[in-house]
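# Results of the structural survey
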Amino acid sequence: MQSKVIEEANRQLSVCNACRYCEGFCASFQAMTRYRSFNESTIKQMANLCHNCQACYHSCQFTAPHEFDLNLPQALANARAESWEESMPFPAIARVMQSQGLLLLVGVLVAGILFWIVGEIPLASNLSFYELMPHNTLVSLFLTLFFLPLIILSIGLRRYWKSVGGKAIRWAHLSSAMKAAATLKNLDGGLGQGCNYEKGDKYTHTRRWAHQATMYGFLLCFLSTSVATIMHYGFLQEAPYPFWSLPKLFGVTGGVLLSLGTAKLMILKGKSDPNLGVSNRRSGEYGFVSLLFLVSTSGLLLYWLSGTDWASLLLIIHLASIAVFFVTTPYSKMAHGFFRTAALIREAQFKH
């Protein structure tokens, strides 16, 4: 039995499929042309291809006050969120996390208290990073916090892949999907004019650039940690590393990009029309972007203020925010990146 969210998306897509004015806008509309009717599987696939650029809404002749009352960006956003949440083990947790963004920041506070009390990190100290928290303790703690959520996420992705009829992945599928993800092609509005995300009739590429800064900033930070791990265990070169070392260059550059990207995304979110996004999930979106901003900005401040009395407090905030980010990855909007990539891979399978 289809949910009300899927039923509404089905109704709207049926009208769109008859009109097809927006056929060239994005991958979702290109996928739509394969079908004469829709089911839960095809709707999930198209919903996760949608990047909510909102070009279709501003070009549609059937939006309110027309009796068809089409709002496809919101309909697909609702279907997309439902597909993430229902695919995960313990979907109730996902629904709560997506709708109550303040819980993420409360989690940071609780984790910070635990690092302070259990980890015995003082609130004020000018000791170095690894004097405050031994390297081996950090590794053992965060490896657990990193891999357990990945296992949960992999279960959710497997369920999603099965639900959309995914097949064995070949290199051609993966390379096509990675190119689309790397360039955020589906945020160009289909005609290259960008998103009409802010209220009004202005199309810009600002949202695309903010997403790219966030994505590449995050990847550079992850690369920094990976390179540091190889240097520590493979070449016995222990931290701290000088500024011109690869871990620092990747980490500082990634941190700056991530802070700027998330800050801009929060500003854009405040200017956007909530009626064109997912229903009852705006708080979760704010919470997730705020958490990413806290992770990157606290890391940068920790590096710049190392050796001062602020270092220990910043270390508590940084470790707490990273811990909450890892633990909540399967249930926060971070999951959308993985599901969207899976949808791009599935779409590539239809073309190759």
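Right above here is the structure, for reference.
Residues numbered from 1 in each chain as written. Predicted model: local features only at pLDDT ≥ 70, side-chain atom pairs only at ≥ 80, totals over all residues. Heavy atoms only, no water.

Scanning the protein from terminus to terminus reveals 15 helices and zero strands. Rg of the C-alpha trace for the protein: 22 Å, near the compact-globule value of 20 Å for 352 residues, within the 12% margin. If you line up the protein on its principal axes, its C-alpha atoms span 65 × 40 × 40 Å. In the protein, the share of contacts with a sequence separation of at least 24, taken over all contacts with a separation of at least 6, comes to 75%. For the protein, the exposed surface amounts to about 17,400 Å²; the carbon and sulfur share of it is 65%. Measuring between centres, the 29 positive side-chain charges of the protein sit 8 Å from its 19 negative side-chain charges. (Helix = DSSP H or I, 4+ residues; strand = E, 2+ residues; numbered from the N terminus. Rg over C-alpha atoms; globule rule 2.2 N^0.38 Å. Contact = heavy atoms within 4.5 Å. Areas by Shrake-Rupley, 256 points an atom, 1.4 Å probe, with all protein chains shown as cover. Lys, Arg positive; Asp, Glu negative; His and termini not counted. Charge placed at Lys NZ, Arg CZ, Asp CG, Glu CD.)

Moving on: the nonpolar core. Grouped together as the largest cluster of nonpolar side chains are 79 residues, with contacts concentrated most on Leu13, Phe29, Phe115, Phe142, Leu319 and Phe325. With ten residues, helix H14 (residues 311-328) is the single largest residue contributor to this core. Discounting residues that sit within four places of it in the chain, Phe325 has contacts with Phe218, Phe288, Leu291, Leu292, Val295 and Met334. (Core = buried A, V, L, I, M, F, W, Y, C linked by side-chain atoms within 4.5 Å. Buried < 20%, exposed > 50% of the residue type's maximum accessible area, 1.4 Å probe, protein only.)

Now for helix H5 (residues 72-87). End to end, H5 covers 22 Å across 16 residues, agreeing with the expected 22 Å (1.5 Å per residue, within 8%). Most of H5 is tucked away: 14 of the 16 residues are buried. (Expected span 1.5 Å × (residues − 1).)

Here the bond from Ala64 into Pro65 is cis, since omega is 15 degrees, no more than 30 degrees from zero. Take Pro65: it is sitting in the loop between helix H4 (55-59) and H5. Positive phi, close to 60 degrees, is recorded for Arg20, a residue that is not glycine. On the secondary structure map, Arg20 appears in the loop between helix H1 (4-19) and helix H2 (27-32). Residue classification places Arg20 among the partly exposed residues on the basis of a relative accessible area of 31%.

Considering all chains together, one arrives at zero disulfides under this definition. Between Cys19, a cysteine without a disulfide, and Cys22, which holds the nearest cysteine sulfur, the sulfur-to-sulfur distance is 6.6 Å. Residue classification places Cys19 among the partly exposed residues on the basis of a relative accessible area of 34%. (Disulfide = S-S within 2.5 Å.)

It is worth spelling out the pattern of salt bridges at this point. Taken as a whole, this structure holds seven salt bridges when the rule is applied. The partner of Glu8 in a salt bridge is Arg11, with the nearest N and O atoms 2.8 Å apart. With Glu8 and Arg11 both in helix H1, this residue pair falls three residues apart, about one helical turn. By relative accessible area, Arg11 is classed as partly exposed at 32%. Salt bridges here are not isolated pairs; linked through shared partners, they connect Lys269, Glu285 and Lys333. (Salt bridge = Lys/Arg side-chain N within 4 Å of Asp/Glu carboxyl O.)

A word on a nonpolar patch on the surface. A cluster of nonpolar side chains, namely Leu102, Leu105, Val106, Leu109, Val110, Ile113, Leu114, Trp116, Ile117, Val118 and Leu123, defines an oily patch on the protein surface of about 1,000 Å² accessible area. Position of Val118 among the secondary structure elements: in the loop between helix H7 (102-117) and helix H8 (129-132). Of the residues examined, Val118 reaches a relative accessible area of 63% and is grouped as exposed. (Patch = residues over 30% accessible without salt bridge, like charges linked within 9 Å, V, L, I, M, F, W, Y side chains within 5 Å.)

Bringing the packing of helix H6 (residues 91-99) against helix H13 (residues 282-304) into the picture now. Packing of H6 against H13 brings their axes to within 5 Å, and their N-to-C directions diverge by 80 degrees. With respect to H13, the axis of H6 lies roughly perpendicular. Judged by residue contacts, Met97, Gln98 and Ser99 of H6 engage Ser283, Gly284 and Glu285 from H13. Split by residue class, the contact of H6 with H13 holds one nonpolar, four polar and one charged. (Axes fitted to C-alpha atoms, helices over the stretch in contact; angles between N-to-C directions. Parallel < 35°, antiparallel > 145°, perpendicular 65-115°, else oblique. Nonpolar A, V, L, I, M, F, W, Y, C, P; charged D, E, K, R; others polar.)

In this section: the environment of Phe325. Summarising the element assignment, Phe325 is placed in helix H14. The spacing of Phe325 and Ala210 is 115 residues in sequence and 20 Å in space, taken between C-alpha atoms.

Relative to the assigned elements, Pro247 resides in helix H12 (residues 246-271). On the basis of relative accessible area, Pro247 is assigned to the buried category, the value being 6%. Sequence-distant contacts of Pro247, that is, excluding residues within four places in its chain, are made with Ser224, Val227, Ala228, Met231 and Tyr241.

Along the polypeptide, Ala31 turns up in helix H2. Relative accessible area serves as the criterion here: at 0%, Ala31 is assigned to the buried category. Residues Ala31 and Lys4, 27 residues apart in the sequence, show an inter-C-alpha distance of 22 Å. The residues touching Ala31, leaving out its near neighbours within four places in the chain, are Met46, Leu49 and Glu347.

This part is about helix H10 (residues 171-183). Residues lying three or four places apart along an α-helix face the same way, a consequence of the helix completing one turn every 3.6 residues. Its 13 residues give H10 an end-to-end C-alpha distance of 18 Å, which sits within 8% of 18 Å, the value for a rise of 1.5 Å per residue. When H10 is considered as a whole, its buried residues turn out to be His173, Ala177, Ala180 and Ala181. Along the long axis of H10, the arc covered by the buried residues comes to 100 degrees, so they all point the same way. Of the exposed residues in H10, those oriented more than 90 degrees away from the buried face are Trp171 and Lys179. Contact partners of the buried residues in H10: helix H11 (206-234) and helix H15 (335-351). (Arc of directions from axis to C-beta.)

Don't take any of this as a statement about function, it's just geometry.
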